[in-house]
Amino acid sequence: MNSNNLDKKYVWHPYTQMKLWNNLENIVIKSGKGFSLIDSKGRRYLDGISNMWCNVWGHDRTEIIDAMKQQLDILPHSSLFGLVNGPSVNLAGRLTSIAKGMSKVFFTDNGSTAIEAALKIATQYWNNVGKTQKKKFICLKNGYHGDTIGCMSVGYVDGYFSPYKSLLVKTIKVDSPTIRHEKFGRQCFEQYIEKIDKILKKLSSKISGFVMESGAQIAGGVNIYPNNFQKEISKLCKKYDILLILDEIATGFGRLGNMIEYEAQDSEPDMVCFAKALTGGYFPLAVTLTTSHIFKEFLGEYWDKKQLFHGHTFTGHPVGCIAALTNLDLYQKLDLIKKIRHNASVLNRLLEKFAEFDICYDIRQKGLLCGIDLRKGRDPIRMIDNVPIGQYIAGESLKEGVYLRTLGNIITIIPPLAIGQDDLKKIVDVEFGIVDKIQKKLNRFSKDKFV
Ligand SMILES: Cc1ncc(COP(=O)(O)O)c(C=O)c1O
């Protein structure tokens, strides 16, 4: 049986209606070259979403691949349970040197588990200091932090998670602002902060931590925070003795144009999580960083039971840690952040032409994160040619040689961070063509309706 048939017979794909999947051509990716993925028929797809927002250097960066191969020859894995390995120690040192205020690194193997670890650390921290009533988490509406139960509780996206509601822990959810296109006029965030201040004032004795994505929400709809919003939240957390847990899993490492987003936002977290781009997107590795203030409360005698009872088989994986170290070397050597900032302004200019479409309700962009919000009037467009719009756009993009997904009616352009300008332009041009097609289809539909 070939891979296509084996896939349809045995594999269950994430976030996928498998009944629809089985009626579609399933594309089998065989190799990667530059910023493209190549399928079993030799067709190339330019990666418009950096392999679920994690790829940095494209799909064949030899420095990282060679370092991983060498590490596999020396030591394929040795965990951090009772032992140490060189790459994890070096990576911990390196990360704490670039992430201001952080002094300890806890290793996991994906973004969700990094967040779960942070939630457990926060909960146990308050237990260890004797404030056991501080148990609740507060978080932003439309935040997303992963698919495990703790993550869904603090990052509840109704469109995805309503079937699992009964499993979730109760959290306090507050509104958050988003920067919109200038046509929407001046936007203030002060009233959001005032509301949050009131809630924290009332409930701070019960609240353990404030969990939010750093800089912007992606899965919840590409919502970019206004300047100073995160800074004000950080101040409130200090004022009310609440731990600030920042999720930089998707927005750190340059996605928004800054290596460490919380520093650019002038905020001071007690914990921060990184994953995705940490290894250049080449290995599942994640980290939860904490301050010494948190860490010291976990020290005590063995039977005090203050130690963190959390750990995964692949914790501190040496191959992942070598990939991350080599990735960080490349960031420095090639001054990637500068290149990202330049390409962000190129992307900004390329996006200007979308304004001509009535259906482009809003275009939100920061760094190499972009969301094009397609609506008819104020209503999100749901179906095109009797197919859900996301599926339509993904399918049309593949036909044009671009791998891209949407968040429902929002086209997301989230390319590999080191992408070149020609490839960036190609992705934007393909999406422009698809939006044009949708606009024409809707215009035709409206005319037919009124004839
Ligand atoms: C902001 C954010 N946090 C957490 C996660 C979860 O990461 P993972 O899919 O590696 O579990 C994601 C994944 O997209 C994310 O975007």
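What you are looking at is a predicted structure, and each value in this text was computed from that prediction instead of being measured.

**Let's talk about the overall build of the protein**
Within the protein, the secondary structure is distributed over 16 helices and 20 strands. Relative to its length of 451 residues, the protein is compact, with a C-alpha radius of gyration of 22 Å against a globular reference of 22 Å. Overall, the C-alpha framework of the protein stretches about 80 × 55 × 45 Å when taken along its three principal axes. The buried share of the protein, taken over its 451 residues, is 43%. Considering only contacts within the protein whose residues lie at least 6 apart along the sequence, 72% involve residues at least 24 apart.

**Digging into the domain arrangement of the protein**
Domain annotation of the protein identifies domain 1 (3-60 + 337-450) and domain 2 (63-333). Distance from the C-alpha centre of domain 1 to the C-alpha centre of domain 2: 27 Å. If you look at the interface, domain 1 gives 23 residues, while domain 2 gives 23 residues. Elements with a minimum of two residues in the side of domain 1 that touches domain 2: helix H3 (50-53), helix H14 (336-351), strand S13 (360-366), strand S14 (369-376) and strand S20 (410-413). Each residue belonging to the side of domain 1 that touches domain 2 can be placed in one class, and the counts come to 13 nonpolar, six polar and four charged.

**Quick word on the pairing of strand S12 (residues 286-290)**
Within S12, five of the five residues are buried, which leaves the element mostly enclosed by the surrounding structure. Along S12, one buried face is formed by Ala286, Thr288 and Thr290 and the opposite face, lined by Val287 and Leu289, is buried too. Taken together, the five bridges between strand S4 (residues 104-108) and S12 define a ladder with antiparallel strand orientation. When the sheet's bridge partners are listed, Val105 is paired in S12 with Leu289. As judged from the four bridges shared by strand S11 (residues 271-274) and S12, these two strands associate in the antiparallel manner. When the bridges of S12 are listed, Cys273 appears paired with Thr288.

**A word on the sheet that holds strand S18 (residues 402-403)**
Taken together, the four strands give an open sheet; going across it, the order is S1-S2-S3-S18, and neighbouring strands pair in mixed fashion. Here the strands that pair on one side only, and so sit at the sheet edges, are strand S1 (29-33) and S18. Of the strand pairs in this sheet, strand S3 (residues 44-47) and S18 are connected by two bridges, and their pairing is parallel. Residue pairing in the sheet places Leu46 in a bridge with Val402 of S18.

**What about the sheet that holds S12?**
Here we have seven strands laid out as an open sheet, ordered S4-S12-S11-S10-S7-S5-S6, and mixed in their pairing. Either end of the sheet is taken by a strand with one partner, and the two such strands are S4 and strand S6 (172-174). Averaged over all neighbouring strand pairs, the angle between strand axes comes to 20°, with direction disregarded. Sheet analysis places strand S7 (residues 207-213) next to strand S10 (residues 243-247), joined by five bridges and oriented parallel. Paired with Glu213 across the strands is Asp247, a residue of S10. Along the sheet, helix H9 (residues 190-203) contacts S6 and S7; its crossing angle with S6, the most-contacted strand, is approximately 160°.

**Some points on the site of the ligand**
Taken together, 15 residues form the shell around the ligand, and within it Asn110, Gly111, Ser112, Gly146 and Ala250 come nearest. Here the shell around the ligand is composed, by residue class, of eight nonpolar, five polar and two charged.

**As for helix H4 (residues 62-74)**
Its 13 residues give H4 an end-to-end C-alpha distance of 18 Å, which sits within 8% of 18 Å, the value for a rise of 1.5 Å per residue. Elements in contact with the buried residues of H4: helix H5 (86-98) and helix H13 (318-333).

**Some points on the environment of Phe295**
With respect to the secondary-structure elements, Phe295 resides in helix H12 (residues 292-295). C-alpha of Phe295 to C-alpha of Phe283: the two residues are 12 residues apart in sequence and 27 Å apart in space. Discounting chain neighbours no more than four positions away, the residues touching Phe295 are Ser103, Lys104 and Thr290.

**Quick look at unusual backbone geometry**
Non-glycine residue Lys305 carries a positive phi angle of around 55°. Position of Lys305 among the secondary structure elements: in the loop between H12 and H13. With 11 C-beta atoms counted inside 10 Å, the residue Lys305 sits in the exposed group. If you check the backbone angles, Asp385 has positive phi at about 50° while not being a glycine.

Conventions we followed
- Residue numbers run consecutively from 1 along every chain, following the written order of its sequence.
- Predicted model: local features are reported for residues with pLDDT of at least 70 only, side-chain atom pairs are reported and counted for 80 or more only, and whole-chain, interface and lining totals are derived from all residues.
- Think of it this way: any DSSP run of H or I at least four residues long counts as a helix, any run of E at least two long counts as a strand, and we number them from the N terminus.
- Taken over C-alpha atoms, the radius of gyration is set against a globule rule of 2.2 Å times the number of residues to the power 0.38.
- Exposure classes come from backbone-placed C-beta atoms, where a residue is buried if 20 or more other C-beta atoms lie within 10 Å of its own, exposed if 12 or fewer do, and partly exposed in between.
- We call two residues in contact if the C-beta atoms placed from their backbones are at most 7 Å apart.
- As annotated, the domain borders come from an automatic or database domain assignment.
- In this count, Pro and Cys sit with the nonpolar residues alongside Ala, Val, Leu, Ile, Met, Phe, Trp and Tyr, while Asp, Glu, Lys and Arg are called charged and the others, Gly among them, polar.
- Two strands make a pair as long as DSSP finds a minimum of two bridges between them.
- The angle between two axes is taken between their N-to-C directions and runs from 0 to 180 degrees, where each axis is a line fitted to C-alpha atoms and a helix contributes only its stretch in contact.
- Any residue whose C-beta atom, as set from the backbone, lies within 6 Å of a molecule or strand is reported as near that molecule or strand.
- Helices are assigned an expected span. That span is 1.5 Å times one less than the residue count.

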